[in-house]
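Summary of the model geometry
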2 protein chains.
Amino acid sequence: MARHLTLAACQTGPIARSAGRREIVDRLVHLLEEAASQGASLAVFPELALTTFFPRWLIEDEAEIDGFYEDAFPNAATRPLTEAARKLRIGFALGYGEIAQGDGRRRRYNTMALVGDDGEVLGRYRKMHVPGSEEPEEGTTVHLERRYFEPGDLGFPVFDYRGTRVGLALCNDRRWPETYRMLMLGGAEVALIGYNTPLLLDEAPALAHLRMFHNHLPMQAGAYQNTLWVAGCAKAGLEEGQALIGGSCIVAPTGEIAAQAMSVGDEVVVHRADLDLIDTCRRVNFDFDRYRRPAAYRMISERAGPV
Amino acid sequence: MARHLTLAACQTGPIARSAGRREIVDRLVHLLEEAASQGASLAVFPELALTTFFPRWLIEDEAEIDGFYEDAFPNAATRPLTEAARKLRIGFALGYGEIAQGDGRRRRYNTMALVGDDGEVLGRYRKMHVPGSEEPEEGTTVHLERRYFEPGDLGFPVFDYRGTRVGLALCNDRRWPETYRMLMLGGAEVALIGYNTPLLLDEAPALAHLRMFHNHLPMQAGAYQNTLWVAGCAKAGLEEGQALIGGSCIVAPTGEIAAQAMSVGDEVVVHRADLDLIDTCRRVNFDFDRYRRPAAYRMISERAGPV
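Thresholds applied
- Residues numbered from 1 in each chain as written.
- Chains lettered and ligands numbered in written order.
- Predicted model: local features only at pLDDT ≥ 70, side-chain atom pairs only at ≥ 80, totals over all residues.
- Heavy atoms only, no water.
- Least-squares fit on C-alpha atoms with pLDDT ≥ 70 in both.
- Disulfide = S-S within 2.5 Å.
- Axes fitted to C-alpha atoms, helices over the stretch in contact; angles between N-to-C directions.
- Helix = DSSP H or I, 4+ residues; strand = E, 2+ residues; numbered from the N terminus.
- Parallel < 35°, antiparallel > 145°, perpendicular 65-115°, else oblique.
- Left-handed = near helix turned anticlockwise from the far one by under 90°.
- Contact = heavy atoms within 4.5 Å.
- Nonpolar A, V, L, I, M, F, W, Y, C, P; charged D, E, K, R; others polar.
- Buried < 20%, exposed > 50% of the residue type's maximum accessible area, 1.4 Å probe, protein only.
- Polar contact = N/O pair within 3.5 Å; in protein donor to acceptor, adjacent residues only side chain to side chain.
- Phe/Tyr/Trp six-rings, centres within 6.5 Å; stacked < 30°, edge-to-face > 60°.
- Lys NZ or Arg CZ within 6 Å of the ring centre and 35° of its normal.
- Pairing = 2+ DSSP bridges.
- Buried area = accessible area lost by both parts, 1.4 Å probe.
- Salt bridge = Lys/Arg side-chain N within 4 Å of Asp/Glu carboxyl O.
- UniProt positions renumbered as here; feature names shortened; annotations may be inferred.

Named according to an unreviewed UniProt entry, chain A is N-carbamoyl-D-amino-acid hydrolase originating from Aureimonas flava.

Okay, structure coming up:
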């Protein structure tokens, strides 16, 4: 019998700086209900889905910065989400700012949690490719992720969700082929990706018309080249004066976009994913064990940039 | 002053099994003249450009097999090509079957040579990802590259052509993200790729409509994700009863197809490539030194398939 898993990308429209967790969590629960009502059994929310995309600002007040993070997930404010998962029998991945202890000090990560359909946390991913800078840089759109987040320290974990192997990634991760490769090698069949992507960059006016193409191209190539189902989920629309790209989508292991958001607001994109297509694509296009040449790829794991 | 290099993909139509080297080389010289007349200074020919795509047959006669290879390049039959390069001041990359000595025995490789605009060979690449099988396999289109070619043993070399760093790849190589990554890390700015790709595969009738998409997608992603100019060149059309895909193209470091073949016959595709676009894309999209995480990618160079 064919294996299927119905995936949902729960895109959100803009989230105001002033919005409180309760209001935001209510929106997310509503989207999760909508996904479940359309038959989805695994949903993905955006990166940093519980707040506005605060790395667009230089914020000096530490207490104010902390206000954009969770020191536990779930906590009182977010527990309605895990309770909804349990009640609706739908798993989800959710991006949020995480405060954690590590090596005796307090750390901040750009994190995504995977929650099972019993409402329990199956695992966490911490964004490996953190873009932007620590200080505002002349002539570029302010993007201070490297100020507010340490690079992830958990690698590219893959989790079991109802017998399907699921990996997670966040925003800039989706542009790097290594993300999908590591997930495939870790056994992933599905990649859930959340993002917040400015539509316009001060440093690249001549490339502005390519932003949606550059959103989809690496997800499509990553799906095709690694025979993965990919669900990409945007926070979209005009948020605090900054336009964020939408284009949330479910991409098949053929690289085709199977379903796509038609708005830059709250919207659920659903596709009943045929998991057997993974095997077909692996057999026809990519027999990894037979054809890859790992020993010839050493430079990929030895140096960052060109010689 | 902006740096430019005018690239040409010299696509060929089918080559009959009965065609002799002289006739074929004449066709290639004509294409090189056409490329030069359109201002190109570096051209790419298809994979195995000097013969029909013989891996579609099980051939037992060793002398007949040898007839599809060169034991030297250039030799008497192919020297008109290197002489044309010198006369026209245009470099080129050409795919051919290579017979070589290595570790005390005779070896066969699927090779591409890069020739400078002085007609001298700048270097060679031997196909790293050799697809197909050693024996015909039930239910699949006969594709015996692994019978006729050893996997390449030269890695992913990058050569200097008139101050531009140029890498080479062949056919199936273009589907693997590691090919482009290794070339980028080796300093490449331009990747020249030749291919022979059957339009239809017995094993994948349901994916037949995706063959051109799967031709372009990995070249576009490889160009974008590695900020390379990519020139892909097909042997195309109905060759000995087998339809080969065309779609020869020049792809920009933005991932856009800048120029594309409109036929499945002999056709020259030309684009004046702005090499400065590489730096723009690297600065805006991919600052490799700053953002890649090589130590986290070890599995890519340690294992071939999923755990």
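Once the structure has been displayed, the description carries forward.
Once that is clear, we can look at the relation of the copies chain A and chain B. Under the fitted operation, chain A is carried onto chain B by 0.0 Å of movement along the axis and a turn of 180°, and the coordinates agree to an RMSD of 0.0 Å. Taken together, the rotation angle and the small translation identify this as a two-fold axis.

Taken as a whole, this structure holds zero disulfides over all chains when the rule is applied. Residue Cys10(A) stays outside any disulfide, its sulfur separated by 6.3 Å from that of Cys233(A), the closest cysteine.

For the rest of this paragraph, the subject is the packing of helix H6 (residues 211-226) of chain A against helix H6 (residues 211-226) of chain B. One can describe the packing of H6(A) onto H6(B) by two numbers: an axis separation of 9 Å at closest approach and a directional angle of 120°. Taken together, the axes of H6(A) and H6(B) lie oblique to each other. In this structure, H6(A) meets H6(B) at a crossing whose hand is left-handed. On the side of H6(A), the interface is formed by Phe213(A), His214(A), Leu217(A), Pro218(A), Gln220(A), Ala221(A), Tyr224(A) and Gln225(A), while H6(B) contributes Phe213(B), His214(B), Leu217(B), Pro218(B), Gln220(B), Ala221(B), Tyr224(B) and Gln225(B). Class assignment for the residues of the contact of H6(A) with H6(B) results in 10 nonpolar, six polar and no charged.

Residues and elements named next belong to chain A. Turning to its location among the elements, Arg108 is positioned in strand S5 (residues 105-115). A relative accessible area of 14% means that Arg108 is categorised as buried. A polar atom in the side chain of Arg108 sits 2.8 Å from the side chain of Asp66. Not counting the four nearest positions on each side in its chain, Arg108 is found in contact with Glu62, Ile65, Asp66, Tyr69, Glu98, Ile99, Tyr148, Phe149 and Glu150.

A separate point is the packing of aromatic side chains. Within this structure, the stated rule accounts for 24 aromatic pairs over all chains. Ring geometry for Phe45(A) and Phe92(A): centres 5.7 Å apart, planes at 80°, overall edge-to-face. Of the two residues, Phe45(A) sits in the loop between strand S2 (42-44) and helix H2 (62-66) while Phe92(A) sits in strand S4 (residues 91-102), which places them 47 residues apart along the sequence. The buried category is assigned to Phe45(A), whose relative accessible area is 0%. Residue class for Phe92(A) comes out buried when judged on its relative accessible area of 0%. Aromatic side chains Tyr69(A) and Phe149(A) sit 5.7 Å apart centroid to centroid with 50° between the ring planes, which places their arrangement in the tilted category. With Tyr69(A) in strand S3 (residues 69-70) and Phe149(A) in the loop between helix H4 (145-148) and strand S7 (158-161), this residue pair connects regions lying 80 residues apart in the sequence. A relative accessible area of 6% means that Tyr69(A) is categorised as buried. Taken together through their ring pairs, the aromatic side chains of Phe54(A), Phe68(A), Tyr69(A), Tyr148(A) and Phe149(A) make up a single cluster. The ring centre of Tyr109(A) lies 4.1 Å from the NZ or CZ of Arg126(A), which sits over that ring. Between Arg56(B) and the ring centre of Trp57(B), over which it is positioned, the NZ or CZ distance is 5.2 Å.

Residues and elements named next belong to chain A. Pairing is mixed across the open sheet formed by six strands, whose spatial order is S7-S8-S9-S10-S13-S14. In this open sheet, the two edge strands, each paired with only one partner strand, are S7 and strand S14 (257-260). If you compare each strand with its neighbour and ignore which way they point, the axes differ by 20° on average. When S7 meets strand S8 (residues 164-170), the two strands line up antiparallel, connected through four bridges. The residue of S8 that forms the bridge with Val158 is Gly167. Sheet strands touched by H6: strand S9 (190-196), strand S10 (229-235), strand S13 (249-251) and S14. Its angle to S13, the strand with the most contacts, is close to 30°.

To continue, consider the interface of chain A and chain B. When the parts of a complex come together, some accessible area is lost, and that lost area is often used as the size of the interface. Counting residues at the interface gives 66 residues for chain A and 66 residues for chain B. Buried surface at the junction of chain A and chain B, both sides included, amounts to about 6,100 Å², of which 63% is carbon and sulfur. Considering only the surface of chain A that becomes buried against chain B, Trp176(A), Tyr291(A) and Ile300(A) emerge as the three largest contributors, covering 11% of it. Inspection of the region where chain A meets chain B yields six salt bridges. The salt bridge partner of Arg181(B) is Glu178(A), with a shortest N-O separation of 2.7 Å. Of all the secondary structure elements, the ones that give two or more residues to the side of chain A that touches chain B are helix H5 (177-185), H6, helix H7 (276-284) and helix H8 (288-291) of chain A. Per element, the largest residue contribution to the side of chain A that touches chain B is eight residues, and it comes from H6(A). Split by residue class, the side of chain A that touches chain B holds 32 nonpolar, 16 polar and 18 charged.

The next point concerns the UniProt feature "domain: CN hydrolase" (unreviewed entry) in chain A. The UniProt feature table records "domain: CN hydrolase" (unreviewed entry) at residues 5-277 of chain A. Annotation note: span residues 5-277 of chain A, helix share 23%, strand share 32%, distance between end C-alpha atoms 12 Å.

This part covers the environment of Glu70(A). All names here are of chain A. Within the element layout of this structure, Glu70 appears in strand S3. Between the C-alpha atom of Glu70 and that of Gly97, which follows or precedes it by 27 residues, the distance is 6.0 Å. Aside from chain neighbours lying at most four places away, what touches Glu70 is Arg21, Leu50, Asn75, Thr78, Tyr96, Gly97, Glu98 and Ile99. Engagement of the side chain of Glu70 in a polar contact is seen with the side chain of Asn75, the distance being 3.0 Å.

This next bit is on the sheet that holds strand S8 (residues 164-170) of chain B. Two pairing modes exist for strands in a sheet, parallel and antiparallel, and in both the strands are linked by backbone hydrogen bonds. Residues and elements named next belong to chain B. Strands sit in the order S7-S8-S9-S10-S13-S14 across an open sheet of six strands; the sheet is mixed. The sheet terminates laterally at strand S7 (158-161) and strand S14 (257-260), the two strands that pair on one side only. Geometrically, the sheet is characterised by an average inter-axis angle of 20° between neighbouring strands, direction not taken into account.

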